[in-house]
Amino acid sequence: MLDLAIIGGGPAGLTAGLYATRGGLKNVVMFEKGMPGGQITQSSEIENYPGIKDVVTGMELMEPWPEQCMRFGLKHEMKEVTRVSKKSEEVFAISLAGGEEVDAKAVIICTGSTPRRANFEGEDEFLGRGVSTCATCDGFFYKNKEVAVLGGGDTALEEAIYLSHICSKVYLIHRRDAFRASPATVERLKKCENIELVLNSKIKKVYGDTMGVQGVLTINKEGDERDLKVPGIFVFVGMNVNNGVLKQSDGSYLCDVSEYGEVIVDLSMKTSVKGLFAAGDIRIKAPKQVVCAAGDGATAAINVISYLGE
Ligand code: FAD
Ligand code: NAP
């Protein structure tokens, strides 16, 4: 029986593992279906992780994290978890791809979230080289430059407003002429003089060279094309919360989730189920930053230690 099962090996899961093992828990396994590191390993530049002065790649940032955790006894199983369920009042069952099942006294869910793809030509090719899904992360690279934003929801509009304070101009591309975002946010957007709306338009393709993006070709309902010569395009067409492991055989979730599928936690990262914690991008109102995910992981592990001690 594991003392603690951590599901996911991104910044939240790794930090949870570090704090749990260094805090004295002996039998802790982190189930990560791929290499540890998480989604930040897809990023070519990160410059907002405190203490790291240079701009580094996501891979470079995360490379030392697993070794540091393993030193204190964290075990990594490169296995996909298919479901977490309750076996009894005090025991969780962790089901693994392939049929194996492992028991654990406590669980921290750190499976993150995944930005949805808009599926235009060049989106995957230039991801991390001009195509971005994070304005807080990458906006600064386009200081005083023109950029484009795709989407018409709250995230797209809020991030377009954020970028308008950094960039010289923001083209907001949306496939309709009405926004899904709240009216108050739409009003704020309309007051930004350096945001130009490109409505009823889709992205036909993003083009560039080995250095990155050089422009975005849009097409509107009438079939008119427009070539926006921007070095960056931010895609905000919704998020998929990776909450599949919490889905039970009857379709319900093991713990309370928000209407968007985010796991509801309190400030201790406790969910509605005793012994079940969640940390990082998977949890409600996550700022979706590495430093915040790591902080959540530490908070969750500290509270797991108290829970098991009680
Ligand atoms: P994740 O990093 O998503 O890790 C979740 C892990 O869980 C993954 O490794 C996944 O393989 C694993 N997993 C999922 N399901 C299962 C399962 N069923 N079984 C086993 N394992 C599973 N943040 C910043 O602070 N600064 C930046 O500059 C920045 N740039 C970014 C650039 C890009 C292109 C992207 C995509 C994100 C960026 N972010 C940035 C955001 C940051 O990466 C995330 O906020 C952070 O990684 C969230 O950490 P997490 O541990 O919660 O989840
Ligand atoms: P969202 O509300 O689902 O909006 C996604 C937007 O992307 C929509 O405008 C949609 O267009 C567009 N879109 C989807 N697929 C596309 C594609 N393939 N190509 C082009 N455009 C595409 O997602 P979100 O903005 O990330 O917000 C998610 C939830 O969180 C929402 O309920 C939102 O209200 C909430 N949220 C709230 C706040 C806040 O309260 N401050 C902030 C952020 C997010 P259509 O409109 O035509 O469908």
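Rules behind the numbers
- Residues numbered from 1 in each chain as written.
- Chains lettered and ligands numbered in written order.
- Predicted model: local features only at pLDDT ≥ 70, side-chain atom pairs only at ≥ 80, totals over all residues.
- Heavy atoms only, no water.
- Near = heavy atom within 4 Å.
- Polar contact = N/O pair within 3.5 Å; in protein donor to acceptor, adjacent residues only side chain to side chain.
- Areas by Shrake-Rupley, 256 points an atom, 1.4 Å probe, with all protein chains shown as cover.
- Salt bridge = Lys/Arg side-chain N within 4 Å of Asp/Glu carboxyl O.
- Helix = DSSP H or I, 4+ residues; strand = E, 2+ residues; numbered from the N terminus.
- Axes fitted to C-alpha atoms, helices over the stretch in contact; angles between N-to-C directions.
- Parallel < 35°, antiparallel > 145°, perpendicular 65-115°, else oblique.
- Left-handed = near helix turned anticlockwise from the far one by under 90°.
- Contact = heavy atoms within 4.5 Å.
- Nonpolar A, V, L, I, M, F, W, Y, C, P; charged D, E, K, R; others polar.

(A) The site of ligand 2, seen in detail. Lining the immediate environment of ligand 2, one finds 15 residues, of which Asp154, Thr155, Glu158, Arg176 and Arg180 sit closest. Here an oxygen atom of ligand 2 sits 2.8 Å away from a polar atom, N or O, in the side chain of Thr155. The separation between an oxygen atom of ligand 2 and a polar side-chain atom of Arg175 is 2.9 Å. Relative to its unbound accessible surface of 900 Å², ligand 2 loses 68% to contact with the protein.

(B) Main features of the pattern of salt bridges. Enumeration over the complete set of coordinates arrives at 11 salt bridges. We note a salt bridge from Arg117 to Asp124, for which the minimum N-O separation is 2.9 Å. Note that Arg283 is salt-bridged to Asp296, the shortest N-O span being 2.7 Å. With a gap of 13 residues between them, Arg283 in the loop between β17 (276-278) and α7 (290-309) and Asp296 in helix α7 connect regions that are remote in the sequence.

(C) Expanded view of the packing of helix α1 (residues 11-22) against helix α3 (residues 64-71). Here α1 crosses α3 at 25°, and the two axes come no closer than 8 Å. Classed by the angle they form, the pair α1 and α3 counts as roughly parallel. Classified by chirality, the crossing of α3 by α1 is left-handed. For the pair formed by α1 and α3, the contact residues are Pro11, Leu14, Thr15, Leu18 and Thr21 on the first element and Trp65, Pro66, Gln68 and Cys69 on the second. For the contact of α1 with α3, the class distribution of residues is six nonpolar, three polar and no charged.

(D) The arrangement of the packing of helix α5 (residues 154-164) against helix α6 (residues 183-190) in detail. Running from amino to carboxyl end, α5 crosses α6 at an angle of 30°, the nearest separation of the two axes being 10 Å. With respect to each other, α5 and α6 are oriented roughly parallel. Crossing of α5 over α6 shows left-handed handedness. From α5, Asp154, Leu157, Glu158, Ala160 and Ile161 reach across to α6, where they touch Thr185, Val186, Arg188 and Leu189. Across the contact of α5 with α6, the residue classes break down as five nonpolar, one polar and three charged.

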